[in-house]
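# Residue-level structure breakdown
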Amino acid sequence: MELRSLRYVLAVAEELHFGRAAVRLHMSQPPLSRAIKQLETEIGSPLFVRSPAGVTLTPVGVVLLDEARALLEQADRVRARVTAAAGAATLTIGILGDSTDPAITSLAAVFRQQHPGVDIRIRDADLIDPTCGLRAGLVDVALTRAPFDDTALTVRELRTDPVGAVLRADDPLAGRDHLRVADLADRRWFQFPQGTDPAWRSYWNGGEPREGPVVRVVQECLQAVLWNSTVGLAPLVHGLPENLAVVPLVDMAPSRVVAVWNAGDTNPLLRSFVEIATAVYRR
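Along each chain, the written sequence defines residue order, and numbers are assigned to residues from 1. Selection of residues for local features in this predicted model requires a pLDDT of at least 70, selection of side-chain atom pairs for listing and counting requires 80 or more, and totals for whole chains, interfaces and linings are taken over all residues. Working from all heavy atoms in the structure, the side-chain values ignore hydrogens and water.

Turning our attention to empty space enclosed by the protein. A 1.4 Å probe that fits into a set of points on a 1 Å grid over the protein atoms alone but cannot get out defines a cavity; an open set with protein on both sides within 12 Å along at least five of seven lines defines a pocket, and lining residues are those with an atom within 4 Å of a point. Grid points are joined across faces, edges and corners, and a volume is the space filled by probe spheres set on the points. Taken as a whole and assessed by the stated rule, the structure comprises three cavities of 30 Å³ or more. In this structure, the second largest cavity spans a volume of roughly 70 Å³. In terms of lining residues, the second largest cavity is bounded by twelve residues, among which Arg69, Glu73, Leu134, Arg135 and Asn262 are the most central. When residues in the lining of the second largest cavity are grouped by element, the largest group, four residues, is from helix α4 (residues 59-85). Each residue is assigned to one of three groups, with Ala, Val, Leu, Ile, Met, Phe, Trp, Tyr, Cys and Pro labelled nonpolar, Asp, Glu, Lys and Arg labelled charged, and all others, Gly among them, labelled polar. In terms of residue class, the lining of the second largest cavity is made up of five nonpolar, three polar and four charged. The helix count covers DSSP runs of H or I at least four residues long, the strand count covers runs of E at least two residues long, and both are numbered beginning at the N terminus.

Written as structure tokens, this is what we have:
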């Protein structure tokens, strides 16, 4: 049983859809389906129940998923320690939609100064997975926003940002000093794809089930507002195009900027990154 196969299982189990899992793994769907079928043949039992709407885990699949997560986390720790010992240290950082945040620029400068020999790799993630591929082993640490399912993860809060409703500039509500979530109850809100983390989805939908266009990245959110007059939410620190406006929501909990990594990861380079990030974001 190869680690690659376990990463395939993890992606399908978390996305509950072969197509979305293939996109996340940067591969086409047929090879992914064949790999899962081959693994099921080797095990002698199906791992997923397939249907037109997606997939669900079988009891055997649930057991394998738990073991796969543990094995992949251990493999990542081994890789990081061996790489560091060989003198070619790398750190892969996932960033969710906030690549223009000035704090990230400051963090990059300070980290570079303290670790000039480290090879930094950046993965700019979409909105489907708020952990930026952390559980799939695609990143070592993520700079993202809570809330999300933090099972088996360690989360460090870096900053909180107030949140506002993003509207077209010509929207009747755009001139208000502030709004409440209830003021937007009759509007269409942008939606995340099926399989998105439930806590993450609920927060950005104001805690209520909503209807509206499906989006995957920040730019799609802004375009949904522009073209469809959809309601979007955004931290007030974000800059917006001239044809859009953001109005503070007074009854919306602040958005928490966090660093998140796999629980138990003892990589000293990771610990140093988190400590530097904590200091930079709290200046």
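Don't stop here, the text continues.
Let's shift gears to the sheet that holds strand β5 (residues 141-146). Paired strands, as defined in this entry, are two strands with at least two bridges between them according to DSSP. Strand order in the open sheet formed by five strands is β4-β3-β5-β10-β6, and the pairing between neighbours is mixed. Only two strands of the sheet have a single neighbouring strand rather than two, namely β4 (119-125) and β6 (153-161). With direction set aside, neighbouring strand axes in the sheet form an average angle of 25 degrees. Against the sheet, helix α8 (residues 268-281) touches β3 (90-96), β5, β6 and β10 (255-262), its axis set at about 15 degrees to β6. Axis lines are fitted through C-alpha atoms, for helices just across the contact stretch, and the angle between N-to-C directions can take any value from 0 to 180 degrees. Between two residues, a contact is recorded if the distance between any of their heavy atoms is within 4.5 Å.

Bringing the sheet that holds strand β8 (residues 232-235) into the picture now. Reading across the sheet, the three strands line up as β8-β7-β9 and stay open at both edges, with antiparallel pairing between neighbours. The open sheet terminates on both sides in strands that have one partner only, identified here as β8 and β9 (244-248). Each strand of the sheet is rotated relative to its neighbour by a mean of 40 degrees, with strand direction disregarded. Those strands touched by helix α7 (residues 218-228) are β7 (163-168), β8 and β9, and its axis lies near 45 degrees from that of β7.

Salt bridge criterion: a side-chain nitrogen from Lys or Arg within 4 Å of a carboxyl oxygen from Asp or Glu. Per the stated rule, a full pass over the model turns up 13 salt bridges. For the salt bridge of Asp183 with Arg176, the shortest nitrogen-to-oxygen distance reads 3.6 Å. When accessible area is computed with a 1.4 Å probe and restricted to protein chains, residues below 20% of their type maximum are described as buried, those above 50% as exposed, and intermediate ones as partly exposed. Assessed through its relative accessible area of 40%, Arg176 is described here as partly exposed. Each of Asp101, Arg145, Arg159 and Asp161 takes part in a single network of salt bridges with overlapping partners.

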